[in-house]
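This is what each chain is made of:
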Amino acid sequence: MKSTSSLTLSYRESKAPLHLRWTLPPSKSLWARAFLLDALRGKLPHFNFAEGTPQDILALHAALLAYQEGVEEINVSESGTAMRFVCAYLAVTTQHPVRLFGTGRQHERPIAPLVEALRSQGTKITYLNHEGYPPLLIEPSTFTWQGCELDASSSSQYLSALLLLAPTLPTGFEVDTRHYGLASRPYALMTIAQLREQGFIWEEASSGLFRYRGKMEEDSRSTSPLDRGYEADWSAASYAYALLSLLPVGSTIALSGLTLPSLQGDAGYLVKLFEHLGVLTEKTKDGICITHTAEEAKRAHFTAHMSDCPDLVPAVVAALVGRGEAFTLSGVAHLRIKESDRLQALADELAKLGVKLALGPDSLSWDGKTPLTAHSSAPTLSPHGDHRIAMALALLALRVPKLRMQEPEVVAKSFPRFWTEVAPCIMQQTE
């Protein structure tokens, strides 16, 4: 997403506690899985989407509708989830050749593990430019459905894409990830739980080996979960947690639409990670309320393994840098193939603020010895076309007198209302 616009950000300083209320977007993860499942069952509805719906949700829904209307070239825009899910969907449904492509960094993000797993079952998929990457040509196929191995070490979405094919699979079909490992495991478990709600039963026969047990008899589960709506997005909530950790003690943020426990894997990790930063979570009638309690005694070094919750990394880094706490985050290698290389993006942009991050093969760390300082009166930060980088870096306006953020519209990918929600704390001037 290219833009010449920018926002100048500055903190609306307050020594007194602030009490805020955020409206979060719907969960991208839950909606995406529901859309694909409905499409496979021939029940994908038309929607009048509410204002503030993430662009990734709109892109996936539009792609599925386009295929149903006979379009032969399908653009999933910048949504990596849509690229992987629609690839699997087209592989098992298409009756004519379809070209699948995207925009932004989409054609630099690998899809080979999913393609190779589908090819092993008889799918005819051709790489149109570079081996292992979109765009793709997907043609009608005859399937063998003998089970497959899958390298899901860089993304659980490869696995989720296959699990969601349940309505088309024979009982006993297996997906084996044991030889490679599984990144972001909670997202795969969320897929399994969501399918179970609809009567499609997967079991993990042994760690990393997933077996389809078939469809339960028809009952009330045949109604699409989209009819009742889905909870708000816990990944988007990470920016509220990070913001609160930088606000005066006693500040609160009410977040409606969230549930605990949640199918979304980020929920449990987010709550536990930010407990260490003095942010406590309480359930309320409408969702949750988070409170910045008395400052925790800063530890010599904050450590966490983030393989299961990679989307939380930018917000956690912003919070720790803003608080001046040294850290080491491990299990982060697969952040290099997101909308940006998130590890390099964080290192490059924080360097403009005097913070020198250290990048390892599977780690990101900061010794805390290079304080957060601006090298110019209004340093210009780039989100590298990445919504999560933009939202995380914006929070540092609470510590740096003035920041200029390029491409502020990238947040619409997952959280279109982000700038509205932070406005009570961060002043914004469009340039």
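Computed from a predicted structure; not experimentally measured. (Residues numbered from 1 in each chain as written. Predicted model: local features only at pLDDT ≥ 70, side-chain atom pairs only at ≥ 80, totals over all residues. Heavy atoms only, no water.)

### Some points on the side chain of Asp341
Here comes step 1: Tracing the sequence through the fold places Asp341 in the loop between strand S15 (327-330) and helix H10 (342-351).
Here comes step 2: Here Arg336 takes part through its side chain, which lies 2.7 Å from a polar atom of the side chain of Asp341.
Here comes step 3: Here Asp341 is in contact with Arg105, Leu335 and Arg336, once residues within four sequence places are set aside. (Helix = DSSP H or I, 4+ residues; strand = E, 2+ residues; numbered from the N terminus. Polar contact = N/O pair within 3.5 Å; in protein donor to acceptor, adjacent residues only side chain to side chain. Contact = heavy atoms within 4.5 Å.)

### Topic: the layout of surface pockets
Here comes step 1: In this structure, the largest pocket occupies an estimated 270 Å³ of space.
Here comes step 2: If you trace the largest pocket, you find 19 residues lining it, with Leu24, Pro25, Pro26, Ala50 and Thr53 closest to the centre.
Here comes step 3: Here the residues of the lining of the largest pocket are counted per class, giving 11 nonpolar, 5 polar and 3 charged. (1 Å grid on protein atoms, 1.4 Å probe; cavity = no way out; pocket = protein on both sides within 12 Å on 5 of 7 lines; lining within 4 Å. Points joined across faces, edges and corners; volume = space filled by probe spheres on them. Nonpolar A, V, L, I, M, F, W, Y, C, P; charged D, E, K, R; others polar.)

### Thoughts on helix H1 (residues 28-40)
Here comes step 1: For H1, spanning 13 residues, the distance from its first C-alpha to its last is 18 Å, which sits close to the expected 18 Å at 1.5 Å a residue.
Here comes step 2: The element H1 is extensively covered by neighbouring structure, given that 13 of its 13 residues are classed as buried.
Here comes step 3: One or two positions beyond H1, positive phi appears at Gly42, with a value near 70 degrees. (Expected span 1.5 Å × (residues − 1). Buried < 20%, exposed > 50% of the residue type's maximum accessible area, 1.4 Å probe, protein only.)

### Digging into the side chain of Glu139
Here comes step 1: With respect to the element layout, Glu139 can be found in strand S6 (residues 136-139).
Here comes step 2: Note on Glu139: relative accessible area 17%, which makes it buried.
Here comes step 3: Glu139 has contacts with Thr94, Pro97, Lys124 and Thr126, leaving out every residue within four places of it along the chain.

### So, helix H2 (residues 55-68)
The periodicity of an α-helix, 3.6 residues per turn, causes residues three or four places apart in sequence to face the same way.
Here comes step 1: For H2, spanning 14 residues, the distance from its first C-alpha to its last is 20 Å, which sits close to the expected 20 Å at 1.5 Å a residue.
Here comes step 2: With respect to burial, H2 is a largely interior element, 10 of its 14 residues being buried.
Here comes step 3: Check the buried side of H2 and you find it contacts H1, strand S3 (73-75), helix H3 (80-93) and strand S4 (98-101).
Here comes step 4: Immediately downstream of H2, the backbone of Gly70 shows phi near 90 degrees, a positive value.

### Concerning the sheet that holds S15
Here comes step 1: Reading across the sheet, the 4 strands line up as S14-S15-S17-S16 and stay open at both edges, with mixed pairing between neighbours. Strand pairing shows two members of the sheet lacking a second neighbour, strand S14 (302-305) and strand S16 (358-360), which therefore form its edges. Across this sheet, the average inter-strand angle for adjacent strands is 10 degrees, counted without regard to direction. (Pairing = 2+ DSSP bridges. Axes fitted to C-alpha atoms, helices over the stretch in contact; angles between N-to-C directions.)

### With respect to the pattern of salt bridges
Here comes step 1: The tally for this structure, following the rule as stated, stands at 21 salt bridges.
Here comes step 2: A salt bridge links Lys28 to Asp56, with the shortest nitrogen-to-oxygen separation between them at 2.7 Å. Within this pair, whereas Lys28 is found in helix H1, its partner Asp56 is found in helix H2, the two being separated by 28 residues in sequence.
Here comes step 3: With relative accessibility at 8%, the residue Asp56 sits in the buried group. (Salt bridge = Lys/Arg side-chain N within 4 Å of Asp/Glu carboxyl O.)

### Some details on empty space enclosed by the protein
Here comes step 1: Inspection of every chain in the model, using the stated rule, returns 4 cavities of 30 Å³ or more.
Here comes step 2: Within this model, the largest cavity holds a volume of roughly 380 Å³.
Here comes step 3: What lines the largest cavity is a set of 29 residues, among which Lys28, Thr81, Gln157, Asp311 and Lys338 lie closest to the centre.
Here comes step 4: Counting only elements with at least two residues in the lining of the largest cavity, the list comes to H1, H2, H3 and helix H11 (387-394).
Here comes step 5: Ranked by residue count, the leading element in the lining of the largest cavity is H1, at 4 residues.
Here comes step 6: Of the residues in the lining of the largest cavity, the class split is 5 nonpolar, 12 polar and 12 charged.

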